[in-house]
Amino acid sequence: MQANKVMMKVLVPFSIARSKSTDYYAYRQYHRFLNVLGIGIQKVARDHAQTIARANLQAGREISRTLKEGFDEVQQQQAQIHEALVDQTGVIQRGLEAIELSLDEGFDKVALGLNEVANRVDGLGDVIISSQEKLQAGIKGLKASMDMGMANIVTHFELQRSEIKEGFDMLANILENNQKTLAHERYRDGKEAYDKYLQHPDEPQFLTDALDYLLESARIYRSNAFCHLYLGHIYQEPARYYDLYKSLEHYKLCAVYAKGMANNGLAALGYFMAGWISYVLEDVEGAIEMSEKALQFDKEGLPENYYNLAKFFASMGQAQKAIEYLDVAVRSYDPMYSLKASIDEDFSNIRPTLDQYFTRIRDEEARVLEERLLSFGLPLPELGGKTKEE
């Protein structure tokens, strides 16, 4: 029986190195994601993204450039990086991915297949993650396919992790026993409204409702870490309430209050998101500090945090630390993180060191593949058909 194929795509990460021409607000407008029931996480097509952006702009936020100019600039940058992606795929991924495919396909066919995947990476409206099993595993399940623009959706699955969910059940019990049930009800109302906004982002009223309910919940009971997580999400939505400084504040509060609840998974998630927003605000040192705190509370569940740390150190030109964290992401979680780094503008600051690293891991994987081929008595194309018996 042939196994079902699971398509996982690596999207071009946002980079502050490109923010002079495309700020994060425009980037988030262009890169919108939906969690489509029975299908997976889907990137919204360009036309639909424009419709959503217009609806939110009409609801109250003006930007200096026209909407079309912002979209065109992002699309042009994606096309430029896409060309680099196709050029690098065969070189970087051949050794890393060949063993995952049938041995009788041969190196040429493997490289061809990978290029075909690359050709679809930048397609608009495509399904990014199609496996519900991977979605249920949260950030750890998505691995290199994780894009920070989909963090608000992935959070829904991340909060289902048993250790985080236990913390929420404990919080509900605290609120009930302290007669703060209204705070709990408003939190649930706010979460429900925000979920509706994620399903219908062209209806900004749902976002307004979510903000009002969650702010009221936080006013009644400030220590609800889950409430602050969702407020952090709302303030980074590319809509009328967009305010990255408020977003950062609430993500930090999420981490602080989660620590008070002894909910390490949620604390790590709060610090992880705070690290990302700090980076977007071009406070790279603050981003590193927050991301390293996230590691203290959850070393296993957030592979994207290792990648982000590599990205942050690379943007500062600190090659050794960047490669150290990237190597963990590649070897412990997903070889596709090497591809992600190759198309990330922040790694251009350490390109010679990065290329050396790619060569090293490619050669190591090639040796592993050779050993496996020899153990089966199969010919090695590079050695002109030499087998184990020879």
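Everything numeric in this text was worked out from a predicted model, so none of it was measured. (Residues numbered from 1 in each chain as written. Predicted model: local features only at pLDDT ≥ 70, side-chain atom pairs only at ≥ 80, totals over all residues. Heavy atoms only, no water.)

Each helix and strand counted, the protein has 18 helices and three strands in total. Looking at the 390 residues of the protein, the share that counts as buried comes to 51%. Within the protein, contacts between residues at least 6 apart in sequence are counted, and of these 67% link residues at least 24 apart. Total accessible area on the protein stands at roughly 17800 Å², and carbon and sulfur atoms take up 48% of it. (Helix = DSSP H or I, 4+ residues; strand = E, 2+ residues; numbered from the N terminus. Buried < 20%, exposed > 50% of the residue type's maximum accessible area, 1.4 Å probe, protein only. Contact = heavy atoms within 4.5 Å. Areas by Shrake-Rupley, 256 points an atom, 1.4 Å probe, with all protein chains shown as cover.)

Further remarks concern the packing of helix H11 (residues 225–235) against helix H13 (residues 264–280). Close contact between H11 and H13 brings their axes to 11 Å; oriented N to C, the two are set at 25°. Between H11 and H13, the angle falls in the class roughly parallel. In this structure, H11 crosses over H13, and the sense of that crossing is left-handed. Contacts between H11 and H13 involve Ala 225, Phe 226, Leu 229 and His 233 from the first element and Leu 266, Leu 269 and Met 273 from the second. Its residues placed into classes, the contact of H11 with H13 shows six nonpolar, one polar and no charged. (Axes fitted to C-alpha atoms, helices over the stretch in contact; angles between N-to-C directions. Parallel < 35°, antiparallel > 145°, perpendicular 65-115°, else oblique. Left-handed = near helix turned anticlockwise from the far one by under 90°. Nonpolar A, V, L, I, M, F, W, Y, C, P; charged D, E, K, R; others polar.)

A few words now on the pattern of salt bridges. Applying the stated criterion across every chain yields a total of 12 salt bridges. Put simply, Lys 196 and Glu 192 hold a salt bridge, and the shortest N to O gap is 3.7 Å. In this pair, Lys 196 and Glu 192 both sit in helix H9 (residues 181–199), four residues apart, roughly one turn of the helix. Exposure remark for Lys 196: the relative accessible area of 34% places this residue in the partly exposed category. Between Asp 346 and Lys 311 there is a salt bridge; the shortest N-O distance is 2.8 Å. In this pair, Asp 346 is assigned in the loop between helix H17 (336–342) and helix H18 (351–375) and Lys 311 in helix H15 (residues 303–315), connecting sequence segments 35 residues apart. With relative accessibility at 2%, the residue Asp 346 sits in the buried group. (Salt bridge = Lys/Arg side-chain N within 4 Å of Asp/Glu carboxyl O.)

Relative to the 27 Å expected for 19 residues at 1.5 Å per residue, H9 spans 27 Å between its end C-alpha atoms, a close match to the ideal helical length. Here H9 has its buried residues at Ala 183, His 184, Tyr 187, Gly 190, Ala 193, Tyr 194, Asp 195, Tyr 197 and Leu 198. (Expected span 1.5 Å × (residues − 1).)

Moving on, we come to the packing of aromatic side chains. Inspection of the entire model under this criterion finds 18 aromatic pairs. Relative to Trp 276, the ring of Tyr 24 has its centre 6.2 Å away and its plane inclined at 65°; by these criteria the two rings are edge-to-face. One end of the pair, Tyr 24, is in helix H1 (residues 24–30); the other, Trp 276, is in helix H13, with 252 residues separating them in the sequence. The ring of Tyr 307 carries the charged tip of Lys 340 above its face, separated from the ring centre by 5.1 Å. (Phe/Tyr/Trp six-rings, centres within 6.5 Å; stacked < 30°, edge-to-face > 60°. Lys NZ or Arg CZ within 6 Å of the ring centre and 35° of its normal.)

With that settled, consider the confidence of the model for the protein. Looking at the protein, the pLDDT average stands at 75 and 68% of residues meet or exceed 70. Within the model, pLDDT remains below 50 along residues 1–7, and this stretch shows eight contacts once partners closer than five positions in the same chain are excluded. Taken together, the stretch residues 382–390 has pLDDT below 50 and engages in 15 contacts with residues farther than four places along the chain or on a different chain. (pLDDT = per-residue confidence, 0-100.)

A few words on the state of the cysteines. Cysteine pairs can be covalently joined through their sulfur atoms, and such a bond is termed a disulfide. For the coordinates displayed, the defined rule picks out zero disulfides. Between Cys 227, a cysteine without a disulfide, and Cys 254, which holds the nearest cysteine sulfur, the sulfur-to-sulfur distance is 10.0 Å. With a relative accessible area of 0%, Cys 227 lands in the buried category. (Disulfide = S-S within 2.5 Å.)

Counting 101 residues, the largest nonpolar core has Leu 266, Trp 276, Tyr 279, Leu 326 and Phe 347 as the members making the most contacts within it. Among the elements that line this core, the one with the most residues is H13, at 12 residues. Look past the residues within four positions of Phe 347 in its chain and what remains in contact with it is Tyr 307, Ala 310, Lys 311, Ala 314, Leu 326, Ala 341 and Leu 354. (Core = buried A, V, L, I, M, F, W, Y, C linked by side-chain atoms within 4.5 Å.)

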